There are 2 protein chains.
Amino acid sequence: MKVSIVESILSANDEIALQNKQMLDAHGIYAINILAAPGGGKTSLILRTIDALRHRLRIAVIEGDVASTVDADLVATKGVPVVQINTGGQCHLEAQMVRRALGQLPLADIDLLLIENVGNLICPVEFKLGEDLNVMLTSVPEGDDKPYKYPGIFVAVDAVVINKIDLLPYVRFDIDAFRKLVLGMNPDVKIFEVSCETGQGIDDWAEWVAYQRERKR
Amino acid sequence: MKVSIVESILSANDEIALQNKQMLDAHGIYAINILAAPGGGKTSLILRTIDALRHRLRIAVIEGDVASTVDADLVATKGVPVVQINTGGQCHLEAQMVRRALGQLPLADIDLLLIENVGNLICPVEFKLGEDLNVMLTSVPEGDDKPYKYPGIFVAVDAVVINKIDLLPYVRFDIDAFRKLVLGMNPDVKIFEVSCETGQGIDDWAEWVAYQRERKR
């Protein structure tokens, strides 16, 4: 009984996600769903990506949080269209929330849509939003054992961005072991090492994003 | 319809939590539910707390994770009783999981039970387990804006432990502003500053835990 209810919520979500995808495709918008634990640096990655790509792509952002407009306020300082979704306690974004947010964005004037999901390594994984790519951000201070504990997200994503590499001298994090572990679980995943604080590695990441979008067109 | 199902799941959970509490009380066991984002340092705090209090309290641990026994293996090196719960995808511990774990612990020989919840700032808050205290761990690299984004957990807990203060020189985190924000939301909350890496602040935290337990007896 409980399982069948969950399944029907998921399949209703997937249907709306498909509609979102069709709407985004019709406007030539490439969409990335960004997942991470709280404090991993999702908003910082979005700010860095805007700086790196704004000269050649028109970017918009959807910010997902349980509460507050802290992140959307930050993104708005970059002068790009941004919509904040407050889930009001819900632990993940759902496709219908994104559909409502799309209604508030100038779809004809967007090339790349960055969606920041709620900070959570578990619940968002099940809910498609209409995105082209799923990217997971993990950060060095969180430790290199996360793939053991949250395997679902590492298996599901197209790319893993290791953030806060500027803190590597101060914490225990074995990047080579981490890479090997993640690739063992998801051989096709692309892994980036960045610092959103210093900017290190951002160019490689941004080039890859631009290339993924170009390849789809 | 959906709401009433959620409510009935919660009330069934609360009933089992109450039974857990009665069972723990009957054995004179003081139980702490430890909540944090992934990688905040819950296991490290448990290891430090064992070292600080093992000469005067008999300690046991329940480890909650989506997958793996990484944390329980670490705790076991301390020679205290430990049970690993794998939720298999579930984003929080529930009272019935804890009840099963209690069945595997030598209840007559335990004074203090430390329960590590699944790494998640949202979902575990709603689910009582039978604990005496709820403690939230937040860590400096996560940033000082978490109370804005995850207000529910900051309001619900009895104590907030700020971990990884050894990283304060390397990241932006305004401890005074953070304290003020948290106390504004939850005036009775106790706040600790610790580094599970260096041991700084652990004595204060451990003394408080011991005192809370003593006060209840």
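This is a predicted model, so every value here is computed, not measured.

Draft legend 1. Expanded view of the relation of the copies chain A and chain B. Superposing chain A onto chain B takes a rotation of 180° combined with a translation of 0.0 Å along the rotation axis, leaving an RMSD of 0.0 Å. The transformation relating the two chain copies, once decomposed into turn and shift, fits a two-fold axis. A shared interface surface links the copies, since 100% of the contact residues of chain A are contact residues in chain B too.

Draft legend 2. Structural detail: the packing of helix H2 (residues 42–53) of chain A against helix H8 (residues 202–216) of chain A. Residue and element names in this part refer to chain A. Two elements in contact, H2 and H8, have axes whose closest approach is 10 Å; the angle formed by their N-to-C orientations is 70°. As far as their axial angle goes, H8 and H2 are roughly perpendicular. Residues Leu 45, Arg 48, Thr 49, Ala 52 and Leu 53 of H2 pack against Ile 202, Trp 205, Ala 206, Val 209 and Ala 210 of H8. Residues that form the contact of H2 with H8 fall into these classes: eight nonpolar, one polar and one charged.

Draft legend 3. A look at the sheet that holds strand E4 (residues 112–116) of chain B. Residues and elements named next belong to chain B. Pairing is parallel in the open sheet, where seven strands are placed in the order E3-E2-E4-E1-E5-E6-E7. The sheet is open, and its two borders are formed by strand E3 (82–86) and strand E7 (190–193), each paired with just one other strand. Strand after strand, the sheet turns through a mean of 20° between neighbouring axes, direction not considered.

Draft legend 4. Spatial organisation of the nonpolar core. With 84 residues, the main nonpolar core has Ile 62, Leu 105 and Leu 113 of chain A together with Ile 62, Leu 105, Leu 113 and Ile 162 of chain B as its most contacted residues. Leave out the neighbours within four places in its chain, and Leu 113 of chain A touches Leu 24, Ile 29, Tyr 30, Ala 31, Ile 32, Ala 60, Val 61, Ile 62, Leu 102 and Leu 105 of chain A.

Draft legend 5. Helix H7 (residues 175–185) of chain A, seen in detail. Residue and element names in this part refer to chain A. Ile 175, Phe 178 and Val 182 are the residues of H7 that are buried. The arc that holds the buried residues of H7, viewed along the axis, is 60°, so those residues lie on one side. H7 presents Asp 176, Lys 180 and Gly 184 as exposed residues on the side facing more than 90 degrees away from its buried surface. N-capping of H7 is provided by Asp 174, with a side-chain oxygen placed 3.2 Å from the backbone N of Asp 176.

Draft legend 6. The sheet that holds strand E5 (residues 133–139) of chain A, seen in detail. Residue and element names in this part refer to chain A. Across the sheet, which stays open at both edges, the seven strands sit in the order E3-E2-E4-E1-E5-E6-E7 with parallel pairing between neighbours. Sheet topology places strand E3 (82–86) and strand E7 (190–193) at the edges, where each strand pairs with a single neighbour. Across this sheet, the average inter-strand angle for adjacent strands is 20°, counted without regard to direction. Along the sheet, H2 contacts strand E1 (30–36), strand E2 (59–65), strand E4 (112–116), E5 and strand E6 (159–163); its crossing angle with E2, the most-contacted strand, is approximately 175°.

Draft legend 7. Expanded view of the interface of chain A and chain B. Each side of the interface is counted separately: chain A has 35 residues, and chain B has 35 residues. In total, chain A and chain B occlude about 2700 Å² of area from one another, counting both sides; carbon and sulfur atoms represent 63% of this. Per-residue buried area on chain A facing chain B is highest for Pro 38, Ile 122 and Lys 149 of chain A; these three make up 21% of the total on that side. The tally of links between chain A and chain B comes to four salt bridges. When the shortest N-O distance is used, the salt bridge between Asp 71 of chain B and Lys 149 of chain A registers 2.8 Å. Here chain A and chain B share eight residue pairs in polar contact (both at pLDDT 80 or more) between them. Those elements that provide at least two residues to the side of chain A that touches chain B are helix H1 (2–26), helix H3 (70–76) and helix H5 (146–149) of chain A. Among the residues making up the side of chain A that touches chain B, the classes are represented as 19 nonpolar, six polar and ten charged.

Draft legend 8. Up close: the pattern of salt bridges. Residue and element names in this part refer to chain A. Following the criterion strictly, the structure yields 31 salt bridges over all chains and no others. Linking Arg 58 and Asp 111 is a salt bridge whose minimum nitrogen-to-oxygen distance equals 3.0 Å. In this pair, Arg 58 is assigned in the loop between H2 and E2 and Asp 111 in the loop between helix H4 (95–102) and E4, connecting sequence segments 53 residues apart. Look at Arg 58 and you get partly exposed, because its relative accessible area is 41%.

Draft legend 9. Focus on the packing of aromatic side chains. Using the criterion set out here, one finds eleven aromatic pairs over all chains in the structure. Aromatic side chains Phe 192 of chain A and Trp 208 of chain A sit 5.2 Å apart centroid to centroid with 55° between the ring planes, which places their arrangement in the tilted category. Placement of Phe 192 of chain A in strand E7 and of Trp 208 of chain A in helix H8 is noted, with a sequence separation of 16 residues between them. With relative accessibility at 12%, the residue Trp 208 of chain A sits in the buried group. Summarising the aromatic geometry, the rings of Trp 205 of chain B and Trp 208 of chain B are spaced 6.1 Å apart at their centres and angled 35° between planes, so their arrangement reads as tilted. You can see Trp 205 of chain B and its partner Trp 208 of chain B sitting in helix H8 (residues 202–216), three residues apart, about one turn around the helix. A connected cluster of aromatic rings, assembled from ring pairs, spans Phe 154, Phe 173 and Phe 178 of chain A.

Draft legend 10. Main features of unusual backbone geometry. Residues and elements named next belong to chain B. In this structure, Ser 68 takes a positive phi of about 80° despite not being glycine. In this fold, Ser 68 is placed in the loop between strand E2 (59–65) and helix H3 (70–76). Even without being a glycine, Lys 164 presents a positive backbone phi close to 65°. Note that Lys 164 resides in the loop between strand E6 (159–163) and helix H7 (175–185). The buried category is assigned to Lys 164, whose relative accessible area is 13%.

Draft legend 11. Spatial organisation of the pairing of E3 of chain B. All names here are of chain B. As defined by bridge partners, E2 adjoins E3 across five bridges and the pair is classed as parallel. By the bridge assignment, Ile 62 is partnered in E3 with Val 83. Once the chain exits E2 it traverses H3 before rejoining the sheet at E3, and the crossover so formed is right-handed.

Draft legend 12. Focus on the environment of Asn 186 of chain B. All names here are of chain B. Residue placement: Asn 186 occurs in the loop between H7 and E7. Separated by 27 residues in sequence, Asn 186 and Ala 159 place their C-alpha atoms 9.6 Å apart. Sequence-distant contacts of Asn 186, defined by excluding residues within four places in its chain, comprise Phe 154, Val 155, Ala 156 and Val 157. A distance of 2.9 Å separates a polar side-chain atom of Asn 186 from the backbone oxygen of Val 157.

Calculation criteria
- Residues numbered from 1 in each chain as written.
- Chains lettered and ligands numbered in written order.
- Predicted model: local features only at pLDDT ≥ 70, side-chain atom pairs only at ≥ 80, totals over all residues.
- Heavy atoms only, no water.
- Least-squares fit on C-alpha atoms with pLDDT ≥ 70 in both.
- Contact = heavy atoms within 4.5 Å.
- Axes fitted to C-alpha atoms, helices over the stretch in contact; angles between N-to-C directions.
- Helix = DSSP H or I, 4+ residues; strand = E, 2+ residues; numbered from the N terminus.
- Parallel < 35°, antiparallel > 145°, perpendicular 65-115°, else oblique.
- Nonpolar A, V, L, I, M, F, W, Y, C, P; charged D, E, K, R; others polar.
- Pairing = 2+ DSSP bridges.
- Core = buried A, V, L, I, M, F, W, Y, C linked by side-chain atoms within 4.5 Å.
- Buried < 20%, exposed > 50% of the residue type's maximum accessible area, 1.4 Å probe, protein only.
- Arc of directions from axis to C-beta.
- Polar contact = N/O pair within 3.5 Å; in protein donor to acceptor, adjacent residues only side chain to side chain.
- Buried area = accessible area lost by both parts, 1.4 Å probe.
- Salt bridge = Lys/Arg side-chain N within 4 Å of Asp/Glu carboxyl O.
- Phe/Tyr/Trp six-rings, centres within 6.5 Å; stacked < 30°, edge-to-face > 60°.
- Right-handed = clockwise from strand over helix to strand, strands pointing away.

In short, the description is geometric, and any link to function would need to be established separately.
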